[in-house]
Amino acid sequence: MLAVECSNVTVRFLSERQAVTALSDVSIGVEEGSFLTLLGPSGCGKSTLLRVIADIVQPSGGSVRVLGGTADAARRERQIGFVFQDAALLPWRSVRDNVRLPLEVGGKRTLKPGSRTAEELLALVGLAGWEKALPHELSGGMRQRVSIARALLGGPRILLMDEPFGALDEITRDRLNEELLRIWRETGTTILFVTHSIHEAAFLGQNVLMLAARPGRVREIVPIDLPEPRSLAQRETPGFTRQAAHLRAVLETC
Amino acid sequence: MDAHAPHIEALDDDAAWRVAQRRLAWQRRLLPLVGAGSLLFVWWALIEFLHVKPFIAPSPVVVLTTLIAKFPMLMDNLRPTAIEALCGFVLGNVAAIATATVFVHRKIVEQAFFPVAVLINSIPIVAKAPILVLLLGNGLSPKIAIAGIICFFPTLVNMVRGLESVSPQAMELMHVLSASKSEVFFKLRLQTSLPFLFSSLKIAASTATVGAIVGEWIGSQEGIGALIIQATYNFDAALLYATVLCGSFFSVSFFLVIRLIERAVVRWDAAAA
Ligand SMILES: Nc1ncnc2c1ncn2[C@@H]1O[C@H](COP(=O)(O)OP(=O)(O)O)[C@@H](O)[C@H]1O
Ligand SMILES: [Mg+2]
């Protein structure tokens, strides 16, 4: 089954002075359990596409199916986890209470039997022992780990990540990239990951969806052929370098 | 030379640094007292050597003896002022928070009345108070009303800004979690607004006192405001100064209590902690 299916999705924003076509006629299908990265120049509609899938933005045309139903139903069923660029933690809540926020709103007070608890998720993202800390006591990378744990609470089948590591230094970003792949393998979640780093897109994605700007549209879907499981060392191999170079060449035409 | 020497030296530096820090901390605490003390001395010396008449400006010694001699009478007058200020503070701020909540949920009401509130808020208290005194008349409750109305506008303006300063990403997060409007309010907006609320509550602590005092200026028999007027008309400068000291003491304590509550409640905000 397709986790996400967009058919001819068009999104227009009407601001006071002009109308912006953020997405024009976008059609994609994302296999369940796969890892798709979205790459493109800024303003090409990457965030908008994730927001359409998460039912934050309504498309002006076309249709979106999520797990065979509407985006609205998937959101209400908590099938979608969203990770924002700036972590969006609530600063007055401890790390544990931030991760447990999804259980306090939206009428979902209990976890499905068998799904991971907040403590287990914090251990999964490498933050065991930090449950009581407040967000301002954490580094940027740790805050982003908390927000990943929060997005995973309740076991969503789709994880949407909008430049989650964009504001982090390269060392932290590399480490989190590797850990994200491990989390993806352990949870089997479908991941859509927006980035504007060519290396990140090639290292994480099984496929890279390349978008072109003005108006935002699909430029190309590039499959990445690397041996699994991937490791950071592979980024030095000729195969990786060649595929990154190809992405760069396509990106220049976007 | 032994290999450990630099390490030991570093420890010594550490200890010296800590001693220096402690001295600086004491300096910060003591110097304001020294400054206040020397100003008091200059005040006393000017009055003493220039032979200033006591009804124009009293010497600090006379103010202190008056304060001690008339302490029970001063406290009897502070009590009604304190009650008016506290009640006005509570009523005015509760009303402001409630109104801000309505504004945030009913945009049309906000668009109609928020600019008016901002405008009224920009009128100085000293100009607002006499209008309210004329409007509301004598007795205890008009003074509470004055103190309350004076607190109301700054808190309303700040609270609306605070409730609306929620980050767009946090709002999108709440949407993804299918949170209801009241969940967004109680889990997100309210906490986001607290630093804004406290900064206006700290101002309100002193403006409520000013409101109560100004309210007592016209046709009142007791209270700090009435005492200020009586002392001025009787050229009793020592009593006037002692009265003003009592009023200031109350308003500073009121401010400090709010500050303490803020510290206990808003622990996540680096600027407030
Ligand atoms: N809420 C909005 N209102 C108006 N225009 C918007 C809004 N969100 C995005 N846009 C516009 O849509 C286009 C695509 O934006 P976005 O999806 O954020 O791009 P990306 O994430 O790829 O940088 C941009 O031109 C942006 O200005
Ligand atoms: Mg974006």
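Residues numbered from 1 in each chain as written. Chains lettered and ligands numbered in written order. Predicted model: local features only at pLDDT ≥ 70, side-chain atom pairs only at ≥ 80, totals over all residues. Heavy atoms only, no water.

Given two aromatic rings, their pairing is described by the distance between the two centres and the angle made by the two planes. In total, this model carries 14 aromatic pairs over all chains according to the counting rule given. Taken together, Phe35(A), Phe165(A), Trp184(A) and Phe193(A) form an aromatic cluster joined through their ring pairs. The positively charged end of Arg235(A) is found above the aromatic ring belonging to Phe203(A), 5.9 Å away from the centroid. Between the NZ or CZ atom of Arg29(B) and the centre of the ring of Trp26(B), over which it lies, the distance is 4.8 Å. (Phe/Tyr/Trp six-rings, centres within 6.5 Å; stacked < 30°, edge-to-face > 60°. Lys NZ or Arg CZ within 6 Å of the ring centre and 35° of its normal.)

Let's shift gears to the site of ligand 1. All names here are of chain A. If you check the shell around ligand 1, you find Phe13, Val20, Ala22, Ser42, Gly43, Cys44, Gly45, Lys46, Ser47 and Thr48 and nothing else. The contact in question runs from an oxygen atom of ligand 1 to an N or O atom on the backbone of cysteine 44, over 3.3 Å. Take lysine 46: an N or O atom from its main chain is 2.9 Å from an oxygen atom of ligand 1. For the shell around ligand 1, the elements supplying multiple residues, two or more each, are β2 (19–31) and α1 (46–53). For the shell around ligand 1, the element with the most residues is α1, which contributes 3 residues. (Near = heavy atom within 4 Å. Polar contact = N/O pair within 3.5 Å; in protein donor to acceptor, adjacent residues only side chain to side chain. Helix = DSSP H or I, 4+ residues; strand = E, 2+ residues; numbered from the N terminus.)

Let's shift gears to the interface of chain B and chain A. Facing the 16 residues of chain B at the interface are 26 residues of chain A. Of the roughly 2000 Å² buried between chain B and chain A on both sides combined, carbon and sulfur atoms contribute 63%. When residues of chain B are sorted by the area they lose upon contact with chain A, Gln169(B), Val176(B) and Trp268(B) head the list and together hold 30% of the total. Put simply, chain B and chain A have 3 salt bridges between them. A salt bridge links Arg51(A) to Glu172(B); its shortest N-O distance comes to 2.7 Å. Summed over the shared surface of chain B and chain A, the result is 10 residue pairs in polar contact (both at pLDDT 80 or more). Broken down by secondary-structure element, the contributors of at least two residues to the side of chain B that touches chain A are α7 (168–176) and α8 (181–215) of chain B. If you tally residues by element for the side of chain B that touches chain A, the top one is α7(B), at 6 residues. (Contact = heavy atoms within 4.5 Å. Buried area = accessible area lost by both parts, 1.4 Å probe. Salt bridge = Lys/Arg side-chain N within 4 Å of Asp/Glu carboxyl O.)

Per the domain assignment, the segments making up chain B are domain 1 (1–51) and domain 2 (60–265). The straight-line distance from the C-alpha centre of domain 1 of chain B to that of domain 2 of chain B is 37 Å. (Domains from an automatic or database assignment.)

It is worth spelling out the environment of Ile68(B) at this point. In this structure, Ile68(B) sits in helix α2 (residues 60–69). Considering only alpha carbons, one finds Ile68(B) and Glu110(B), 42 residues apart in sequence, at a separation of 51 Å.

All names here are of chain B. Between its first and last C-alpha, helix α5 (residues 125–136) extends 16 Å over 12 residues, near the 16 Å set by a 1.5 Å rise per residue. What α5 keeps buried is the set Lys128, Ala129, Leu132 and Val133. With its buried residues spanning 135° around the axis, α5 presents them on a single face. Within α5, the exposed residues directed more than 90 degrees away from the buried face are Ile131, Leu134 and Leu135. Buried residues belonging to α5 abut α4 (107–121), α6 (140–163) and α8. Looking one or two residues beyond α5, the residue adopting positive phi is glycine 137, at roughly 80°. (Expected span 1.5 Å × (residues − 1). Buried < 20%, exposed > 50% of the residue type's maximum accessible area, 1.4 Å probe, protein only. Arc of directions from axis to C-beta.)

Here we come to a nonpolar patch on the surface. Residue and element names in this part refer to chain B. Among the surface-exposed residues, Phe41, Val42, Leu46 and Leu50 lie close enough to one another that they form a single nonpolar patch of about 410 Å² accessible area. By the element assignment, valine 42 lies in helix α1 (residues 5–50). Residue valine 42 is classed as partly exposed on the basis of its relative accessible area, which comes to 42%. (Patch = residues over 30% accessible without salt bridge, like charges linked within 9 Å, V, L, I, M, F, W, Y side chains within 5 Å. Areas by Shrake-Rupley, 256 points an atom, 1.4 Å probe, with all protein chains shown as cover.)

Evaluated as defined, the whole model comprises 23 salt bridges over all chains. Notably, a salt bridge pairs Glu104(A) with Arg93(A), separated by 2.5 Å at the nearest N-O pair. You can see Glu104(A) sitting in the loop between α3 (95–99) and α4 (118–124) and its partner Arg93(A) sitting in the loop between β6 (80–83) and α3, a full 11 residues away along the chain. Take Glu104(A): its relative accessible area is 21%, and that puts it in the partly exposed class. Between Glu104(A) and Lys187(B) there is a salt bridge, and its shortest N-O distance comes to 2.8 Å. Of this pair, Glu104(A) sits in the loop between α3 and α4 while Lys187(B) sits in helix α8, each in a different chain. With a relative accessible area of 22%, Lys187(B) lands in the partly exposed category. A single salt-bridge network, built from bridges that share partners, covers Asp55(A), Asp72(A), Arg75(A) and Arg76(A).

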